[in-house]
Amino acid sequence: MDNIIRPTFGAPRRTEPADPRRVQVLTQRVYGEAHGCRVCLVHDEGAPEGDVYKVVVGFLTDDEVSTVAILPATPEGDTDCEIVALAILRTLGMIEARPEPPGSA
């Protein structure tokens with residue numbers, strides 16, 4: 001996904017290619033589910049940007065997720081992740097609760 005802002009937070013970017021075996025990512029926190037999606041926090045110490053938190057969103061029916069925010073793994077970054085994740089959940093909840101427009105079947 002190339003439409004994500006990928007800051008370095010002052011850490012030099014890695015120049016070596018990513019290890020394809022590095023696929024184990026542990027979810028640190030599940031913020032919630034809405035409109036068929038799950039919003040989670042992942043702590044990724046080995047990211048090209050350095051030690052970061054990632055807010056990820058994925059469909060409940062799928063194991064794949066998309067990163068929607070990358071923030072430094074600091075107390076401030078954790079707070080910002082909360083804000084981002086709750087905004088996404090609120091938006092998904094509003095979409096889910098919206099009545100169908102007339103004639104949209």
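Residues numbered from 1 in each chain as written. Predicted model: local features only at pLDDT ≥ 70, side-chain atom pairs only at ≥ 80, totals over all residues. Heavy atoms only, no water.

### Description of the confidence of the model for the protein
Defined as follows: The predictor reports its confidence for every residue as pLDDT, a score running from 0 up to 100. We call two residues in contact whenever any of their non-hydrogen atoms come within 4.5 Å of each other.
For the protein, mean pLDDT is 80; residues scoring 70 or higher make up 72% of the total. Scored below 50 in pLDDT, residues 1-5 makes 6 contacts in the model with residues more than four places away or belonging to other chains.

### Overview of helix α1 (residues 75-97)
Quick note on the threshold: Runs of E in the DSSP output that reach at least two residues are strands. Runs of H or I that reach at least four are helices, and both are numbered from the N terminus. By this rule, a helix spans an expected 1.5 Å times one less than how many residues it contains. Per-residue accessibility, obtained with a 1.4 Å probe over protein chains only, is compared with the maximum for each type, and a residue is labelled buried under 20%, exposed over 50%, and partly exposed between these values.
An ideal rise of 1.5 Å per residue puts 33 Å on 23 residues; α1 measures up with 33 Å between its terminal C-alpha atoms. For α1, the full list of buried residues reads Gly77, Cys81, Ala85, Ile88, Leu89 and Leu92.

### Description of the pattern of salt bridges
Rules: Salt bridges are defined as contacts in which a side-chain nitrogen from Lys or Arg sits within 4 Å of a carboxyl oxygen from Asp or Glu.
This structure, assessed with the given rule, holds 4 salt bridges. A salt bridge links Glu82 to Arg29; the nearest nitrogen and oxygen atoms lie 2.9 Å apart. One end of the pair, Glu82, is in helix α1; the other, Arg29, is in strand β1 (residues 27-34), with 53 residues separating them in the sequence. Several salt bridges share partner residues, and in doing so they unite Arg29, Asp78 and Glu82 into one network.

### Concerning the pairing of strand β2 (residues 37-47)
Note the following rule: In this description, strands pair whenever DSSP reports at least two bridges between them.
Sheet analysis places β2 next to strand β3 (residues 50-59), joined by 9 bridges and oriented antiparallel. Its bridge partner being in β3, Cys40 is matched across the sheet by Val56. Between β2 and β3, which pair antiparallel one after the other, the connecting turn spans 2 residues.

### Things to note about the pairing of β3
With 8 of 10 residues buried, β3 is to be regarded as a mostly interior element. Strand direction decides the pairing type here: β3 and strand β4 (residues 66-72), joined by 6 bridges, are antiparallel. Pairing of Val57 across the sheet is with Ser66, part of β4. Linking β3 to β4, which pair antiparallel, is a turn of 6 residues.

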